[in-house]
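Descriptive structure summary
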Amino acid sequence: MTPTLYISPGACATASHVALQEAGIPHEIRIVNLRTGEQRTPEYLEVNPAGVTPALQTDQGVITQNAAILAWAAQTQPQAGLAPVDDAFAFARFNAFNGWLASSLHPALGKVLFSRPPLEGEGRDQAIEQAQAKLDLAEAHYVEGPWVFGDTWTLADGYLMVFERWSRQAGLLDPARFPKLNAHLDAVQQREAVQRTLAAEGLSVI
């Protein structure tokens, strides 16, 4: 069967969409409208009982979580060179970075951008400070070169791009404070597979 990826355009699942595009894996896209609560419908909960995106339906079953889907895509198409799948230590670092994005940077930015009701006043200021502290960590320690792991592109770069886009759109990615992250975002968005992904989701380079 052709894998089917369930996404919401511009949400974190864009990272998995980029992975399939970069890997050249034929796939179908199903849009899940998070704003209308489609992720909580019985039909979608049959796909992913957690009620979130992404979810990738394969002939072996469903894979959830961006980090897992990125690893699957890289291991499915090792000749594409999208992650260091033949080096146990390097692949562990790849998975660790993606885990940090999912467990640390994503929730910090999500608190600023998606809290309902929206944060205001001191609470919002504190959330912005905490989110930018995570971005400081990425700027200082987690982007080793033009790409996350130096001179070698990996699918981790596409995952980081999602949060850089959110940050830039929200005015949190000050070029003076985050020159490496801004340069990284610009470089990632120039990749053909990334541009195909953005176009398929109705998004533009920012």
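Let me begin by describing the structure that accompanies this report. (Residues numbered from 1 in each chain as written. Predicted model: local features only at pLDDT ≥ 70, side-chain atom pairs only at ≥ 80, totals over all residues. Heavy atoms only, no water.)

In this structure, Glu-164 sits in helix 6 (residues 155–169). No salt bridge is formed by the buried Glu-164. Its closest oppositely charged neighbour is Arg-168, at 7.5 Å. Beyond its immediate stretch of four places on either side in the chain, Glu-164 contacts Leu-173, Leu-181, His-184 and Leu-185. (Helix = DSSP H or I, 4+ residues; strand = E, 2+ residues; numbered from the N terminus. Buried < 20%, exposed > 50% of the residue type's maximum accessible area, 1.4 Å probe, protein only. Lys, Arg positive; Asp, Glu negative; His and termini not counted. Salt bridge = Lys/Arg side-chain N within 4 Å of Asp/Glu carboxyl O. Contact = heavy atoms within 4.5 Å.)

Moving on, we come to the sheet that holds strand 1 (residues 4–7). One open sheet holds the four strands; their spatial order is 2-1-3-4, and the pairing between them is mixed. At either end of the open sheet lies a strand with only one pairing partner, and these are strand 2 (28–31) and strand 4 (61–64). Recorded for the sheet is a direction-independent mean angle of 20 degrees between the axes of neighbouring strands. Alignment of strand 3 (residues 55–58) against strand 4, held across four bridges, turns out to be antiparallel. Pairing of Thr-58 across the sheet is with Gly-61, part of strand 4. (Pairing = 2+ DSSP bridges. Axes fitted to C-alpha atoms, helices over the stretch in contact; angles between N-to-C directions.)

Quick look at the pattern of salt bridges now. As enumerated under the stated definition, the model contains four salt bridges in all. As a salt-bridge pair, Arg-177 and Asp-136 come within 2.7 Å of each other at their nearest N and O atoms. Linking Arg-177 in the loop between helix 6 and helix 7 (179–188) with Asp-136 in helix 5 (residues 121–142), this pair joins segments that are 41 residues apart in sequence. Given the relative accessible area of 38%, Arg-177 is considered partly exposed. On the basis of relative accessible area, Asp-136 is assigned to the partly exposed category, the value being 29%. Asp-186 is the partner of Arg-168 in a salt bridge, and the nearest nitrogen-oxygen pair spans 2.9 Å. Separated by 18 residues along the polypeptide, Arg-168 in helix 6 and Asp-186 in helix 7 bring together distant segments of the chain. The class for Arg-168 is partly exposed, based on a relative accessible area of 23%.

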